[in-house]
Amino acid sequence: MLADLQEVNVERVKNITQAYSQAPWRKQLMFIGLFLLIVVFVALVAGIYLDVTARAATVGREIQLMQSEIEDLKMDNADLMTKLAALNSTQVMQERARKLGFEPIERDQVTFVVVPGYVPPQQPRLAPPPGPVKAVAASLPAEFTESLFDWIRRYALPAASRFLEREP
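Note that this is a predicted model, so its numbers are computed, not measured.

Considerations on the overall build of the chain
- On a plain count of helices and strands, the chain comes out with five helices and zero strands.
- Across the chain, helices and strands are ordered from the amino to the carboxyl terminus as α-α-α-α-α.
- Across the 168 residues in the chain, those meeting the buried criterion constitute 1%.

Focus: the packing of aromatic side chains
- Counted according to the given criterion, the structure contains one aromatic pair.
- Consider the rings of Trp151 and Tyr155, whose centres lie 5.7 Å apart with planes at 45°: the pair is tilted. Of this pair, Trp151 and Tyr155 both sit in helix 5 (residues 148-166), separated by four residues, roughly a single helical turn.
- On the basis of relative accessible area, Tyr155 is assigned to the partly exposed category, the value being 43%.

What about a nonpolar patch on the surface?
- A grouping of Leu34, Leu37, Ile38, Phe41, Val42 and Val45 is seen on the molecular surface, where their side chains present a nonpolar patch of about 590 Å² in accessible area.
- Assignment of secondary structure puts Val45 in helix 2 (residues 25-87).

Points about a negative patch on the surface
- A contiguous patch of negative charge on the surface is contributed by Glu69, Glu71, Asp72 and Asp76.
- By secondary structure assignment, the location of Glu71 is in helix 2.
- Of the residues examined, Glu71 reaches a relative accessible area of 44% and is grouped as partly exposed.

Some thoughts on the confidence of the model for the chain
- Mean pLDDT for the chain: 85, with 86% of residues reaching 70 or above.
- For the chain, the element scoring lowest by mean pLDDT is helix 1 (residues 2-22), at 70; helix 2 scores highest, at 93.

Let's talk about the pattern of salt bridges
- The tally for this structure, following the rule as stated, stands at four salt bridges.
- Notably, a salt bridge pairs Arg154 with Glu146, separated by 2.5 Å at the nearest N-O pair.
- In this structure, the salt-bridge partner of Arg153 is Asp150, at a minimum N-O distance of 3.2 Å. With Arg153 and Asp150 both in helix 5 and three residues apart, the pair spans about one turn of that helix.

What counts, and where the lines are drawn
Residues numbered from 1 in each chain as written. Predicted model: local features only at pLDDT ≥ 70, side-chain atom pairs only at ≥ 80, totals over all residues. Heavy atoms only, no water. Helix = DSSP H or I, 4+ residues; strand = E, 2+ residues; numbered from the N terminus. Buried < 20%, exposed > 50% of the residue type's maximum accessible area, 1.4 Å probe, protein only. Phe/Tyr/Trp six-rings, centres within 6.5 Å; stacked < 30°, edge-to-face > 60°. Patch = residues over 30% accessible without salt bridge, like charges linked within 9 Å, V, L, I, M, F, W, Y side chains within 5 Å. Areas by Shrake-Rupley, 256 points an atom, 1.4 Å probe, with all protein chains shown as cover. Salt bridge = Lys/Arg side-chain N within 4 Å of Asp/Glu carboxyl O. Lys, Arg positive; Asp, Glu negative; His and termini not counted. Charge placed at Lys NZ, Arg CZ, Asp CG, Glu CD. pLDDT = per-residue confidence, 0-100.

Structural data, given as structure tokens:
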């Protein structure tokens, strides 16, 4: 029975081999299919690579444009600060004041008004004045300065001795 199965299998292999050898276009079709599969895979990888590269280039260009815009805005700010400084200069302010009818005055022409109860703002004291530092001794309760052994001696040992005395 095993021999019959082997004969059947050998016969099938011969039939397949004969059919395959009678149709050489199958080998050509297999090589063409494999070649096309490789071409499609390479094209897919190349497409993904080009997509990633294009996106990176686009983002890089956007960053360059934003940096250029930042530099332009910094230059505009510097220009505006220069113009503001020129407008706030002493000479320009005195000229504008004269055009508005203001005149310089002397100290004896000024009248000071005393307001009762007004206290001028004081400079904040951020640090003590220089000098010797006085150490302030802080007195802490005994509960914060005793050690674990002192606490055991004071609380745990008397409680343990009372417990041992009660046992018969």
